[in-house]
Amino acid sequence: MRILAEHHVQLLDPSELMRPEPSFADKNPSKFRDYSVDTSDPLKERVRQTYRQMHLNQTVDFVKGRREHWLKFNTIRMTVREALEKLNDLVDESDPDLDLPNIIHAFQAAERARAEFPEQDWLHLTALIHDLGKIMAFYGEPQWAVVGDTFAVGCRWGDSIVYREESFEGNPDGDNPAYNTELGIYQPNCGVDNLLMSWGHDEYMYSVLKHNKTKLPHVACNIIRFHSFYPWHNGGDYKHLEAPQDAETKKWVLIFNRYDLYTKSEVVPDIEALWPYYQTLIDKYLPGVLEF
């Protein structure tokens, strides 16, 4: 699913491509894409196949294996700026009408957060770095384990997961009585912080932040960790696993997703002019060389 071209990696992130739901809408919902199956549409079919591979392969054992692999944090050492600039080589085919590197989207999202919440500098940096976990794509991770909507493993799959009816067929967790009930391996109201999430760039970057002892507030880390957890924050699934403090996380994730989903445009920010401000935030919250 991953396309390598010289030093470039092209990713189709279906979590962004097929969004937004009307509840996030800034424009007429009739213009939005949907998750209907149309095998004659190459883009829709590629999205469907990405989710098919994800839902077939993302099991409890798979997730534990990827955590064991990646959470040694011995893949590469980089500063935040170096990691962001590496995203220049990652063209996210989320929008077929635009062909912009991820770093441009990162600055677009950050600047929108800055405009709406000028005093919340932690949110500006959160928006800037939210997709840094996608660097896994440069180091051999398949697309379906990097991008797309996330979900909890170890319990019954949420009803609102895209392609839910057919794409999990063959996933062994569905036949495992330890994992296929409403609660599965969890306790009621255990909190989303305690869920074992499907593996992707969200969970990886959250872990990178914690490993490198970021000074960003915990809610910022949770925005990054759960921004693709659409079955929870938009679909209404997993309520029986929520804890009271999750309401604050959900509030900020929904705010953040406006910047993530609606900032893609042909207006390219002056990144060089913006670097000094964002470098001060990096120095404040996530300084130095990080272990990825």
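Residues numbered from 1 in each chain as written. Predicted model: local features only at pLDDT ≥ 70, side-chain atom pairs only at ≥ 80, totals over all residues. Heavy atoms only, no water.

Asker: How would you summarise helix α8 (residues 201-211) if you had to cite specific residues and measurements?
Answerer: For an α-helix, 3.6 residues make a turn, and residues three or four places apart therefore share a direction. Summarising burial for α8: 9 of the 11 residues are buried, a large majority. On its buried side, α8 packs onto α3 (60-70), α6 (121-129), β6 (196-197), α9 (218-226) and β7 (290-291). A positive backbone phi angle near 55 degrees is found at lysine 213, which sits one or two residues after α8. (Buried < 20%, exposed > 50% of the residue type's maximum accessible area, 1.4 Å probe, protein only. Helix = DSSP H or I, 4+ residues; strand = E, 2+ residues; numbered from the N terminus. Contact = heavy atoms within 4.5 Å.)

Asker: Hey, could you go over the pattern of salt bridges for me, with residue numbers and the actual values?
Answerer: As enumerated under the stated definition, the model contains 16 salt bridges in all. Where lysine 72 meets glutamate 68, a salt bridge forms, and the shortest distance between an N and an O atom there is 3.1 Å. With a closest N to O distance of 3.8 Å, glutamate 272 and arginine 81 form a salt bridge. Placement of glutamate 272 in helix α12 (residues 271-285) and of arginine 81 in helix α4 (residues 80-86) is noted, with a sequence separation of 191 residues between them. Judged by its relative accessible area of 27%, arginine 81 is partly exposed. (Salt bridge = Lys/Arg side-chain N within 4 Å of Asp/Glu carboxyl O.)

Asker: Report on the packing of aromatic side chains, specifying residues and quantitative values.
Answerer: Here the structure, examined in full by the defined rule, presents 15 aromatic pairs. Relative to tryptophan 275, the ring of phenylalanine 107 has its centre 5.3 Å away and its plane inclined at 80 degrees; by these criteria the two rings are edge-to-face. Of this pair, phenylalanine 107 sits in helix α5 (residues 102-116) while tryptophan 275 sits in helix α12; the two residues are 168 residues apart in sequence, bridging distant segments of the chain. Classification of tryptophan 275 as buried rests on a relative accessible area of 3%. Relative to tyrosine 238, the ring of phenylalanine 229 lies with its centre 5.2 Å away and its plane at 45 degrees, an arrangement referred to as tilted. You'll find phenylalanine 229 and tyrosine 238 in the same group, each marked buried. Among the aromatic residues, those joined into a cluster by ring pairs are Phe107, Trp275, Tyr277 and Tyr278. Over the ring of tyrosine 277 we find arginine 114; its NZ or CZ atom is 3.8 Å from the centre of that ring. (Phe/Tyr/Trp six-rings, centres within 6.5 Å; stacked < 30°, edge-to-face > 60°. Lys NZ or Arg CZ within 6 Å of the ring centre and 35° of its normal.)

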